[in-house]
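Topology and contacts: notes
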Number of protein chains: 2
Amino acid sequence: MAKDEKKLVEEITPMDEDFAQWYTDIIKKAHLCDYSGVRGCMVIEPYGYAIWENIQKELDSRFKATGHKNVYMPVFIPESLLQKEKDHVEGFAPEVAWVTHGGNEKLAERLCVRPTSETLFCNYYAGAIHSYRDLPKLCNQWCSVVRWEKTTRPFLRSSEFLWQEGHTAHATEEEAQEETLRMLNVYADFCEEVLAIPVIKGRKTDKEKFAGANATYTIESLMHDGKALQSGTSHNFGDGFARAFGIQYTDENNELKYVHQTSWGMSTRIIGAIIMVHGDDAGLKLPPRIAPVQVAIVPVAQHKEGVLDKASELCGRLSERFRVKLDDSDKSPGWKFSEYEMLGVPVRLEIGPKDIEKNQAVLVSRITREKKFVSLNNIEDEIENLLNDIQKEMFDAALKNREEKTSTARTYDEFKKCIAEKGGFVKAMWCGDVACEEKIKEETTATSRCMPFEQEKISDRCVCCGKPAKKMVYWGKAY
Amino acid sequence: MAKDEKKLVEEITPMDEDFAQWYTDIIKKAHLCDYSGVRGCMVIEPYGYAIWENIQKELDSRFKATGHKNVYMPVFIPESLLQKEKDHVEGFAPEVAWVTHGGNEKLAERLCVRPTSETLFCNYYAGAIHSYRDLPKLCNQWCSVVRWEKTTRPFLRSSEFLWQEGHTAHATEEEAQEETLRMLNVYADFCEEVLAIPVIKGRKTDKEKFAGANATYTIESLMHDGKALQSGTSHNFGDGFARAFGIQYTDENNELKYVHQTSWGMSTRIIGAIIMVHGDDAGLKLPPRIAPVQVAIVPVAQHKEGVLDKASELCGRLSERFRVKLDDSDKSPGWKFSEYEMLGVPVRLEIGPKDIEKNQAVLVSRITREKKFVSLNNIEDEIENLLNDIQKEMFDAALKNREEKTSTARTYDEFKKCIAEKGGFVKAMWCGDVACEEKIKEETTATSRCMPFEQEKISDRCVCCGKPAKKMVYWGKAY
């Protein structure tokens, strides 16, 4: 390894030494985002934003396939509107940014910068919904939201972040529940199939649910360091918001009824999950299906006649099927190898004079690091297969990590030991009492992640208080 | 015409009677946007947002083809950052919204909600640019911005609007100027080819240029009522911002130099232009290339056996090439005809039992309203041709309107008469003195729209003061 390549790699702190520093190093070296000089707000740089654009494209097509349409609501919420639903305002008012002046004038009423848009959608729906013919309303919005966080970390917790928020209104309770679970499944499939991140699907306890919701459902993923990350949520509001905002419709029998509502969201947080589920000490590993560059072409001995021409021709050819980048800069091939590893590009393609003579190229997988010599005749199919293999290997590795870091606890001693020594998810029974959740959080810093849909009966008793158990719960320390 | 169809059409005020009311009626009836209960902010509804998504797709691919990458900057600008460039802060400070509190705490420094992001990009570039190898920086951002407007109109002037803002940094003055004009041409081509809106390309006078720019270039379009609309702008900043923010690079000779910068933007205002350039008393007319629905299929006698099946089969077939909607609701065909006219859908396809017998369908153009019976065998090609014809006819009609409403004035009396009686663009010579612009504005309410690239020598004298003329200027009342 030449000196300059070594330097590039050395600048990333090994993950076992300091995971938080590793995370920050990756974000900085791969130019995913930058600090902005605005407290708690990020600059999402081109490479980070390109990942987000691919996430958007995949999610948006799934939302549209399930009948949703995009809209745009105002960035501001008048204080009186935020206050209409009691639980909701209690949950969000302490962490919003307040606009008090427009130009040089003091406003008659303060406006908050939206922390989420339930109140705006409700206000709109109250005017737009009249009859059963207007239902269901299936809307989504891509935007930024602001929550005034005290401590922030890029992607994971920032004062401003990007997300999508779906907001729907239905004629019946059953339809709203179907929608809530449909969208949770859309998120779960997206995470597993596109991001190669296995998730646990389940319901949040009342303590952890969204402010104003009847029920919150979640997908939970496990990072490489054994901490959990809430990766997407879907809420059933029942008719609570509808009653607060007066959203009524006349049904087929001309009776006036309240609608039933849902909302669901996924944010740029998920980029943090991609980094922490897949990355290693050499850098990012990006799942092929959202990698901004799927194939990086690195010419070898590019000063020799014909090499750059051939590499450029190949780049043009491959661009018809893949996202390809040809790096013909004057950096050394070794430097480029390290750089594209660090950037998490799934496949590196090397081509030099000897390869050209043999009508071949070298493909190197970011995951296995194996080299494979392939003929240029059918290189597209070889790349396609390799990308599919990588996508699958990444999912399998993430699942293996999660399984290794998932324990079962029957007693509170066992529970505390698992959380303290092993980390990861701990499966344990729970009585349903918030006091036990609070005690566990205080004594172990672990929280209830979810009551999974796939229940197991580990014992009859709550792991904390010993009273009869109601649910098996996934517990863990979380981001 | 049945009673219910008549009602739908009657609700739109004729444009010759009251153009402003016609505009508002269209927006409301076509569900493009809704008032939000937040002062001066719109709810962009699904149909309006779908138009914006098509605009985004077309523009974004042009930006990427010219080497630009998307990023995301914070929604907030600290007051001290906004103040760094003197002209810029003077232009924007009076119309920004100020955040003074986060949660329950008063902020040490006020933050404004971005009215435009030059200062944020400059702050980022100051840290990200070191050497000539880092140049050019070619970034773009899709976001919303806030300008505290006193009087607002949907799409045309609102306190919050959506836009894109490109921000670039270059090694030399020449490169920055090339970029400024390149992006102006991207906007012009997009307007003419995609939106079917002819534009005048030119430079703004110093009075009308962007706060902080050396030069602002614009594309100006003419609405049906003879008022002008600034439809996109591209600014050359020279090194003014670079000096204020300290954005320097070392060149090939290891000398420290300031970068030269540009910015350029197009907003949801352009949706207002689409409405006002193309619409008529029956409603919207959408250019096929951005219409959310290009073909509306209306079954005739849909209760008869086989009609809906055939319509649905046709919908599936056409969806492979076009954006198609099948309306199988229980409204009458006549109602549907009016509704899709009002929504500006370029092509209506009618199919009933007799058509099915003859293996044909009826195509009706929104522009010519001509009916054409076409065989189902090659209906895709027929539709393709019709959409292309419509796109061209719309451009030609808009160009004809602009030409009819463009006058030439040699004397100030002529000038005042043209503005007062005919409206539209008036071409007249100008001495270059801001005093004449101010006098003209005060006495006629017309403003200088631009100094067009295609200059004509109408006379030697300024139309206002009679001193020697420097430039031919397009003047007009503007939105």
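Residues numbered from 1 in each chain as written. Chains lettered and ligands numbered in written order. Predicted model: local features only at pLDDT ≥ 70, side-chain atom pairs only at ≥ 80, totals over all residues. Heavy atoms only, no water.

1. Structural notes on the interface of chain B and chain A
This is how the line gets drawn: The contact rule is simple, with two residues in contact once any of their heavy atoms fall within 4.5 Å. Buried area: the accessible surface (1.4 Å probe) lost by two parts on joining, summed over both. The salt bridge criterion pairs a side-chain nitrogen of Lys or Arg with a carboxyl oxygen of Asp or Glu, the two atoms within 4 Å. Residues adjacent in sequence count toward polar contacts only when both atoms are side-chain atoms; beyond that, a polar contact is any pair of N or O atoms within 3.5 Å, and within protein one must be able to donate a hydrogen and the other to accept it. Runs of H or I in DSSP of at least four residues are treated as helices and runs of E of at least two as strands, each being numbered from the N terminus. Classification used: nonpolar for Ala, Val, Leu, Ile, Met, Phe, Trp, Tyr, Cys and Pro, charged for Asp, Glu, Lys and Arg, polar for all others including Gly. Pairing between strands is defined by DSSP: at least two bridges between them are needed.
If you look at the interface, chain B gives 51 residues, while chain A gives 51 residues. In total, chain B and chain A occlude about 4000 Å² of area from one another, counting both sides; carbon and sulfur atoms represent 60% of this. Between Lys64 of chain A and Glu53 of chain B there is a salt bridge, and its shortest N-O distance comes to 3.0 Å. Joining chain B to chain A, the criterion identifies 25 residue pairs in polar contact (both at pLDDT 80 or more). At six residues, the largest contribution of residues to the side of chain B that touches chain A is made by strand E5 (residues 97–102) of chain B. A breakdown of the residues in the side of chain B that touches chain A according to their chemical character gives 29 nonpolar, 10 polar and 12 charged. In this structure, strand E5 (residues 97–102) of chain A lies alongside E5 of chain B, joined through five bridges in antiparallel fashion. In the strand pairing of E5 of chain B, Trp98 of chain A is matched with His101 of chain B.

2. Quick notes on the relation of the copies chain B and chain A
To be explicit about the condition: Superposition of the copies was done by least squares, using only C-alpha atoms of residues whose pLDDT is at least 70 in both.
Superposition record for chain B on chain A: RMSD 0.0 Å, screw rotation 180 degrees, translation along axis 0.0 Å. The transformation relating the two chain copies, once decomposed into turn and shift, fits a two-fold axis. Proximity to the rotation axis, assessed at the C-alpha, singles out Val99 of chain B in chain B; its C-alpha lies 2.1 Å from the axis.

3. Side note on the packing of helix H2 (residues 19–29) of chain B against helix H9 (residues 269–278) of chain B
All names here are of chain B. Filter applied, for reference: Interaxial angle, 0 to 180 degrees, is taken between N-to-C directions of lines fitted to C-alpha atoms, where a helix line uses only the stretch in contact. Crossings are sorted by hand: turned counterclockwise from the far helix by less than a right angle, the near helix makes the crossing left-handed, and turned clockwise it makes it right-handed.
Contact pair H2 / H9: the axes reach a minimum separation of 11 Å and the direction vectors enclose 115 degrees. The handedness of the crossing between H2 and H9 is right-handed. Listed contacts from H9 to Phe19, Trp22, Tyr23, Ile26 and Ile27 of H2 are Gly272, Ile275 and Met276. Classifying every residue of the contact of H2 with H9 gives seven nonpolar, one polar and no charged.

4. Brief notes about the sheet that holds strand E22 (residues 447–452) of chain B
Residue and element names in this part refer to chain B. Sheet architecture is open: 11 strands sit in the order E3-E7-E8-E14-E11-E10-E9-E22-E23-E21-E20, paired in mixed fashion. Lying at the two open borders of the sheet, with one neighbouring strand each, are strand E3 (69–70) and strand E20 (406–408). Sheet topology places strand E9 (residues 200–203) next to E22; two bridges connect them, and they run antiparallel. Note on E22: the bridge partner recorded for Arg203 is Met451. Against the sheet, helix H3 (residues 46–65) makes contact with E3, strand E7 (137–146), strand E8 (160–170) and strand E14 (260–267), and its axis sits at roughly 165 degrees relative to E7, the strand it touches most. Each of E9, strand E10 (215–222), E20 and strand E21 (425–430) touches helix H13 (residues 379–404); the most contacted strand, E20, lies at about 30 degrees to it.

5. So, the pairing of strand E18 (residues 360–365) of chain B
Residues and elements named next belong to chain B. Cut-off, in case you're wondering: Accessible area is worked out with a 1.4 Å probe on protein chains only. A residue is then buried under 20% of its type maximum, exposed over 50%, and partly exposed in between.
Taken across its six residues, E18 has six buried, putting it largely inside the fold. Residue alternation in E18 divides its side chains into two sets, Gln360, Val362 and Val364 and Ala361, Leu363 and Ser365, and both sets are buried. The pairing of strand E17 (residues 347–351) with E18 spans four bridges and is antiparallel. Each residue of the ladder has a partner; that of Glu350, found in E18, is Val362. In terms of strand pairing, E18 meets strand E19 (residues 371–375) through five bridges, oriented antiparallel. Residue pairing across strands places Val362 opposite Phe373, the latter belonging to E19.

6. Comments concerning the environment of Phe395 of chain B
Residues and elements named next belong to chain B. Relative to the helices and strands, Phe395 resides in helix H13. Sequence separation between Phe395 and His278 is 117 residues; the distance between their C-alpha atoms is 8.8 Å. Discounting chain neighbours no more than four positions away, the residues touching Phe395 are Glu192, Ala196, Ile197 and Pro198.

7. Regarding the confidence of the model for chain A
Close inspection of predicted coordinates is inappropriate in any region flagged by low pLDDT. Definition in use: Confidence of the predictor at the level of single residues is captured by pLDDT, which takes values from 0 to 100.
The share of residues in chain A with pLDDT of 70 or more is 98%, and the mean pLDDT across the chain is 96. Across the whole predicted complex the pTM is 0.96, and at the interface the ipTM reaches 0.95.

8. Focus: the sheet that holds strand E21 (residues 425–430) of chain A
All names here are of chain A. Read across the open sheet, the 11 strands follow the order E3-E7-E8-E14-E11-E10-E9-E22-E23-E21-E20; overall the sheet is mixed. Across the chains shown, the open sheet's two edge strands, defined by having one partner strand only, are strand E3 (69–70) and strand E20 (406–408). In the sheet, E3 pairs with strand E7 (residues 137–146) via two bridges, with the strands oriented parallel. Residue pairing for E7: Asn70 is matched across the bridge by Asn140.

9. Structural notes on helix H11 (residues 333–342) of chain B
Residue and element names in this part refer to chain B. Here H11 lies mainly inside the structure; seven of its 10 residues are buried. Among the residues making up H11, those that are buried are Trp335, Lys336, Ser338, Glu339, Tyr340, Glu341 and Met342. A positive phi of about 75 degrees marks Gly344, the residue just after H11.

10. Regarding the side chain of Lys427 of chain B
All names here are of chain B. Structurally, Lys427 can be placed in strand E21. Here Glu456 takes part through its side chain, which lies 2.7 Å from a polar atom of the side chain of Lys427. The residues touching Lys427, leaving out its near neighbours within four places in the chain, are Thr406, Ser407, Thr408, Ala409, Glu456, Ile458, Met472, Val473 and Tyr474.

11. With respect to the side chain of Ser158 of chain B
All names here are of chain B. Along the chain, the position of Ser158 falls in the loop between E7 and E8. Look at Ser158 and you get buried, because its relative accessible area is 5%. A polar contact is formed between the side chain of Ser158 and the backbone oxygen of Glu160, at a distance of 2.8 Å. Those residues in contact with Ser158, other than ones at most four positions away along the chain, are Gly40, Met42, Arg147, Glu149, Thr152 and Arg153.

12. Details of helix H13 (residues 379–404) of chain A
Just so we agree on the cut-off: For a helix, the expected span equals 1.5 Å multiplied by the number of residues minus one.
The end-to-end C-alpha distance of H13 of chain A is 37 Å, a good match for the 38 Å that 26 residues give at a rise of 1.5 Å each. Among all positions in H13 of chain A, only Ile379, Glu380, Ile383, Leu386, Leu387, Ile390, Gln391, Met394, Phe395, Ala398, Asn401 and Arg402 of chain A are buried.

13. What about the environment of Lys336 of chain A?
Residue and element names in this part refer to chain A. Here Lys336 shows up in helix H11 (residues 333–342). On the accessibility criterion, Lys336 (1% relative accessible area) is buried. With 37 residues separating them in the primary sequence, Lys336 and Pro299 have C-alpha atoms 9.7 Å apart. Excluding residues that lie within four positions of it along the chain, Lys336 makes contacts with Val298, Pro299, Gln302, Asp327, Asp328, Ser329 and Lys331. A polar side-chain atom of Lys336 sits 2.9 Å from the main-chain carbonyl oxygen of Asp327.

14. Observations concerning a negative patch on the surface
Residue and element names in this part refer to chain A. Stated precisely, the cut-off is as follows: Residues enter patches when their relative accessible area tops 30% and they take part in no salt bridge; the joining distance is 9 Å for like charges and 5 Å for the nonpolar side chains Val, Leu, Ile, Met, Phe, Trp and Tyr. For the accessible areas, the method is Shrake-Rupley and the probe is 1.4 Å, while residue cover comes only from the protein chains on display. Lys and Arg are tallied as positive, Asp and Glu as negative. Neither His nor the chain termini are counted. Here the site of a charge means NZ on Lys, CZ on Arg, CG on Asp, or CD on Glu.
Among the surface-exposed residues, Asp433, Glu438, Glu442 and Glu443 lie close enough to one another that they form a single negatively charged patch. Turning to its location among the elements, Glu443 is positioned in helix H15 (residues 434–444). Given the relative accessible area of 43%, Glu443 is considered partly exposed.

15. So, the pairing of E14 of chain B
All names here are of chain B. For E14, a buried count of eight out of eight residues is recorded, marking the element as mostly surrounded by other parts of the structure. Of the two faces of E14, the one carrying His260, Thr262, Trp264 and Met266 and the one carrying Gln261, Ser263, Gly265 and Ser267 are both buried. With eight bridges joining them, E8 and E14 adopt antiparallel strand pairing. Its bridge partner lying in E14, His170 is registered against His260. Where strand E11 (residues 228–238) meets E14, five bridges bridge the pair, whose relative direction is antiparallel. Opposite His235, over in E14, you have Ser263 as the bridge partner.

16. Quick word on the nonpolar core
Put simply, the rule is: As used here, the term nonpolar core means buried Ala, Val, Leu, Ile, Met, Phe, Trp, Tyr and Cys residues forming a set that is joined through side-chain atoms within 4.5 Å.
In terms of nonpolar packing, the biggest core is built from 218 residues, with Ile55 and Phe76 of chain A together with Ile55 and Phe76 of chain B touching the most fellow members. In contact with Ile55 of chain B, other than residues within four places in its own chain, are Phe190, Leu195, Ile270, Ile271, Ile274 and Ile290 of chain B.

17. Some words on the pattern of salt bridges
Taken as a whole and assessed by the stated rule, the structure comprises 66 salt bridges over all chains. Between Asp327 of chain A and Lys336 of chain A there is a salt bridge, with the nearest N and O atoms lying 3.8 Å from each other. This pair shows no difference in class: Asp327 of chain A is buried, exactly as Lys336 of chain A is. For Glu456 of chain B, the salt bridge is made with Lys427 of chain B, and the minimal N-O distance between the two is 2.7 Å. Taken as a pair, Glu456 of chain B in the loop between E22 and strand E23 (471–476) and Lys427 of chain B in strand E21 lie far apart in primary sequence, 29 residues in all. Its relative accessible area of 12% is what places Lys427 of chain B among the buried residues. Sharing partners across several salt bridges, the network here consists of Glu53 of chain A together with Asp60 and Lys64 of chain B.

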